[in-house]
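Below are the chains, spelled out letter by letter.
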Amino acid sequence: RPLDETCIIAEAKRTGRIITLEEHGPGGLGSMVGECLARAGLGVRFVPLRLLPEPTLCAGSQAYLCGRHGLTLERIVETIAALASPGMSTAIPGG
């Protein structure tokens, strides 16, 4: 599990914001990055976009299943736009 914590910390300090995106639930990349930010004591805006913690009880294409979990292009773009805006609110679309 190589994780470039130095890079994550540097970018968090530079931008004040971190987004992770993964087709995994809690315990994956988002959790690892969140723990890295916490260990570094950084109070940055962090949004892990990932699967819901509940098991998926349906079958379908990758696109369909990602959509069921809110991992759509539209949500990703909305989240980035919300974090990039100067007057960013504490609410993240779909979050």
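Calculation criteria
- Residues numbered from 1 in each chain as written.
- Predicted model: local features only at pLDDT ≥ 70, side-chain atom pairs only at ≥ 80, totals over all residues.
- Heavy atoms only, no water.
- Helix = DSSP H or I, 4+ residues; strand = E, 2+ residues; numbered from the N terminus.
- Buried < 20%, exposed > 50% of the residue type's maximum accessible area, 1.4 Å probe, protein only.
- Contact = heavy atoms within 4.5 Å.
- Salt bridge = Lys/Arg side-chain N within 4 Å of Asp/Glu carboxyl O.
- Expected span 1.5 Å × (residues − 1).
- Pairing = 2+ DSSP bridges.
- Right-handed = clockwise from strand over helix to strand, strands pointing away.
- pLDDT = per-residue confidence, 0-100.

K.L.:
Lay out the overall build of the chain with the relevant residues and their values.
P.N.:
Summing up its helical and strand segments, the chain has 4 helices and 2 strands in all. Helices and strands in the chain line up, N terminus first, as α-β-α-β-α-α. A total of 95 residues make up the chain; the buried ones form 26% of that total. Within the chain, contacts between residues separated by at least 24 positions form 59% of all contacts whose residues are at least 6 apart in sequence.

K.L.:
How would you explain the pattern of salt bridges if you had to name every residue and give the values?
P.N.:
If you walk through the whole model with that rule in mind, you get 2 salt bridges. Here Arg39 makes a salt bridge to Glu5, at a shortest N to O gap of 2.6 Å. With Arg39 in helix H2 (residues 29–39) and Glu5 in helix H1 (residues 5–15), this residue pair connects regions lying 34 residues apart in the sequence.

K.L.:
So what's going on with the environment of Leu71? Which residues, and what values?
P.N.:
Among the structural elements, Leu71 can be located in the loop between helix H3 (62–68) and helix H4 (73–84). When its relative accessible area of 11% is taken as the criterion, Leu71 is described as buried. For the pair formed by Leu71 and Leu51, sequence separation is 20 residues and the distance between their alpha carbons is 7.5 Å. Not counting residues within four places of it along the chain, the set of residues in contact with Leu71 comprises Leu21, Glu22, Glu23, Leu49, Arg50, Leu51 and Cys66.

K.L.:
Pulling in residues and values, what's your account of the side chain of His69?
P.N.:
Relative to the helices and strands, His69 is located in the loop between H3 and H4. Among the residues examined, His69 registers a relative accessible area of 9% and is labelled buried. Once residues within four sequence positions are removed from consideration, His69 is found in contact with Arg50, Leu51, Leu52, Glu54, Thr56 and Arg75.

K.L.:
Outline H2, supporting the account with residue identities and numerical values.
P.N.:
Buried within H2 we find Gly30, Ser31, Met32, Val33, Cys36 and Leu37. Where H2 is buried, its residues meet H1, strand S1 (17–21) and strand S2 (45–49). After H2 finishes, the residue Gly41 shows a positive phi value of roughly 70°.

K.L.:
Before we move on, can you summarise H4 with the specific residues and values?
P.N.:
Over its 12 residues, H4 extends 16 Å from the first C-alpha to the last, a length consistent with the 16 Å expected when each residue adds 1.5 Å. Where the residues of H4 are buried, they touch S1 and S2.

K.L.:
Any details on the pairing of S2? Residues and values, ideally.
P.N.:
Each regular strand displays side chains that alternate between the two surfaces of the sheet. Where S1 meets S2, 5 bridges bridge the pair, whose relative direction is parallel. Considered in S2, the bridge of Thr20 is made with Pro48. Each parallel crossover has a hand, and the one from S1 via H2 to S2 is right-handed.

K.L.:
Let's hear about the confidence of the model for the chain: which residues, and what values?
P.N.:
When the pLDDT values of the chain are averaged, the result is 86; 88% of them are 70 or greater. Taken as a whole, residues 89–95 scores under 50 in pLDDT and shows 14 contacts with residues more than four places along the chain or in a different chain.

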